[in-house]
Amino acid sequence: PDAGKSRRRSPVPTETPIVARCEAFQEGLLKRTDRQLYRHLVDNDVQPTLYLLRWIRLLFAREFHIEDVMTIWDHLFATSKSSLTATETRIEIPLVDF
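Residues numbered from 1 in each chain as written. Predicted model: local features only at pLDDT ≥ 70, side-chain atom pairs only at ≥ 80, totals over all residues. Heavy atoms only, no water.

Student: Please provide a residue-by-residue account of the overall build of the chain, values included.
Tutor: Within the chain one finds four helices and zero strands. Taken from N to C terminus, the helices and strands of the chain fall in the order α-α-α-α. Counting across all 98 residues of the chain, residues that qualify as buried make up 13%. Working note: accessible area of the chain is about 8,500 Å², and carbon and sulfur atoms make up 55% of it. (Helix = DSSP H or I, 4+ residues; strand = E, 2+ residues; numbered from the N terminus. Buried < 20%, exposed > 50% of the residue type's maximum accessible area, 1.4 Å probe, protein only. Areas by Shrake-Rupley, 256 points an atom, 1.4 Å probe, with all protein chains shown as cover.)

Here is the structure:
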């Protein structure tokens with residue numbers, strides 16, 4: 001090996017997929033569904049990773065009582081599109097990539 005040559009490094013991605021997903025959540029779903037909360041977070045420079053990384057990684061288990069967590073999990077994992085009525089709107093938050 002030539003000691004005088006420096007090794008080329010691959011460019012380091014500036015944004016990971018989970019960070020991109022957090023930003024997409026805040027800029028998309030949150031902005032559409034709760035404009036006031038969205039504005040408050042943006043005005044106070046609250047980055048979406050500050051609150052969403054923990055929620056996604058722990059699936060809300062440390063933020064709520066276990067009874068409430070079970071309800072949230074039921075909604076996230078058990079509700080199917082076919083079980084919704086024509087007037088209901090389903091918001092999908094893909095937590096797992098296949």
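Student: Any chance you could break down the pattern of salt bridges for me, citing the residues and the numbers?
Tutor: One pass over the full model with this rule turns up two salt bridges. For D43, the salt bridge identified is with R39, shortest N-O distance 2.9 Å. Here D43 pairs with R39, and both are found in helix 2 (residues 35-43), just four residues apart, close to one helical turn. Judged by its relative accessible area of 36%, R39 falls in the partly exposed class. R54 is the salt-bridge partner of E63, the closest N and O atoms lying 2.6 Å from each other. Residue R54 is classed as partly exposed on the basis of its relative accessible area of 39%. (Salt bridge = Lys/Arg side-chain N within 4 Å of Asp/Glu carboxyl O.)

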